[in-house]
Amino acid sequence: MYPSRFRYEAPRSLAEALDLLHTGGDEAKVLAGGQSLVPLMKLRFAAPALVVDINNVPGLAHHELDAEGNLHVGALCRHADLERSQLLKSVQPTMAAAAPLIADPIVRNRGTLVGSLCHADPQGDWASVVLALDGSIVAQGPAGRRRIAVRDFVLGPFQNALGPDEIAVEAVIPAPRGTPAGGYLKLERRVGDFATVGVAVAVETQSGTVTRAGIALTGVGGSTIEATDAEHALVGGPLTPDSVAEAAALAAAAARPKTDHRGTAEFKRHLVRTFVVRALGRTGEEAA
């Protein structure tokens, strides 16, 4: 199926892109990697009157640390850039673990982390990873820039907090205050498939004590789920078999899975519990 007719613009500056969005209003869509928008348009689930392609806008392909150690990932930074990044491996192990698991190599070569967050698919991998890391989105519009925590950015399935005349220009991951460790585990029916269940775990430790914990779940609810009770069970003490088991049980309880062709709700809760135990077990080994 072919998409509906639309106007295509490829601005060469952020200011020009914002002007086009302001003109287009609710009928305009931003194109970065296109790995979500283009299939939706071809299926006519989306029919924007205006597509604003930001690939010619300079200064958006970065992933870098600022002076405080916060990680900035630009709107045009591809999944493949993150997959190959030595910086990510040294400072954000949870993101480094997730990057090779995003979709398939073709999608990773064009798709973007920021675009994935904006798409707000409940089965998207990056939302749970960035949520576990307490990340945020920087949006730019006519009134300037504002930062939106990812937990507030994703409003529901395929819904985000961007205004119609705003562009998400980057994601920001705060610098760890302790030694970072973590991972991302998911079950998929085949390579490139959406996750049946995905679990992101990110912890920070100081002298063997967990000072911060993030656990977020993919594919087991109408949106990405932050397992806050499971996080609280870990903070303030060392990673032990008992604390890991408690966190895993609380994470499974936070899940809201439904039985479907990918598995039963009971099976998906079991996967959540298993993945949390496995990820925290590896994390404990890294921290030791």
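Residues numbered from 1 in each chain as written. Predicted model: local features only at pLDDT ≥ 70, side-chain atom pairs only at ≥ 80, totals over all residues. Heavy atoms only, no water.

(A) How the structure looks around the overall build of the chain. Helix and strand content of the chain: 12 helices and 14 strands. On C-alpha atoms alone, the chain measures out to a radius of gyration of 19 Å, which is about the 19 Å that the 2.2 N^0.38 rule sets for 288 residues. For the C-alpha atoms alone, the extent of the chain along its principal axes is close to 60 × 45 × 30 Å. Every one of the 288 residues in the chain was classed for burial, and the buried ones make up 50%. Long-range pairs, those at least 24 residues apart, make up 61% of the contacts in the chain between residues at least 6 apart in sequence. Surface summary for the chain: the accessible area is close to 13,200 Å², and the carbon and sulfur share equals 52%. (Helix = DSSP H or I, 4+ residues; strand = E, 2+ residues; numbered from the N terminus. Rg over C-alpha atoms; globule rule 2.2 N^0.38 Å. Buried < 20%, exposed > 50% of the residue type's maximum accessible area, 1.4 Å probe, protein only. Contact = heavy atoms within 4.5 Å. Areas by Shrake-Rupley, 256 points an atom, 1.4 Å probe, with all protein chains shown as cover.)

(B) Layout of the sheet that holds strand E3 (residues 50–53). A sheet is described by the order of its strands in space; here three strands give the open sequence E1-E3-E2, paired in parallel fashion. Only two strands of the sheet have a single partner each, and these edge strands are strand E1 (7–9) and strand E2 (28–31). Going across the sheet, the axis of each strand differs from the next one's by a mean of 20°, ignoring polarity. Relative to E3, E2 is paired through four bridges, and the arrangement is parallel. Looking at the pairing, alanine 28 lines up with leucine 50 of E3. Sheet strands touched by helix H1 (residues 14–24): E1, E2 and E3. Its angle to E3, the strand with the most contacts, is close to 170°. (Pairing = 2+ DSSP bridges. Axes fitted to C-alpha atoms, helices over the stretch in contact; angles between N-to-C directions.)

(C) Examining helix H11 (residues 241–254) more closely. If you check H11, its first and last C-alpha atoms are 20 Å apart, about what 14 residues at 1.5 Å a residue would give, namely 20 Å. Those residues of H11 that fall on the buried side of the exposure criterion are Ser243, Val244, Ala247, Ala248, Ala251 and Ala252. (Expected span 1.5 Å × (residues − 1).)

(D) Up close: the pairing of strand E6 (residues 136–141). Of all six residues that make up E6, six are buried, and the element is covered over most of its length. With five bridges connecting them, E6 and strand E10 (residues 167–173) associate as antiparallel partners. By the bridge assignment for E10, valine 138 is matched with glutamate 170.

(E) Geometry of the nonpolar core. Judged by nonpolar contacts, the single largest core of 53 residues is most densely connected at Ile54, Met95, Leu113 and Trp126. Excluding residues that lie within four positions of it along the chain, tryptophan 126 makes contacts with His79, Leu82, Met95, Ala98, Ala99, Ile102, Leu113, Ser116 and Leu117. Counting 27 residues, the second largest nonpolar core, distinct from the first, contains Leu185, Val199, Val201 and Val203. (Core = buried A, V, L, I, M, F, W, Y, C linked by side-chain atoms within 4.5 Å.)

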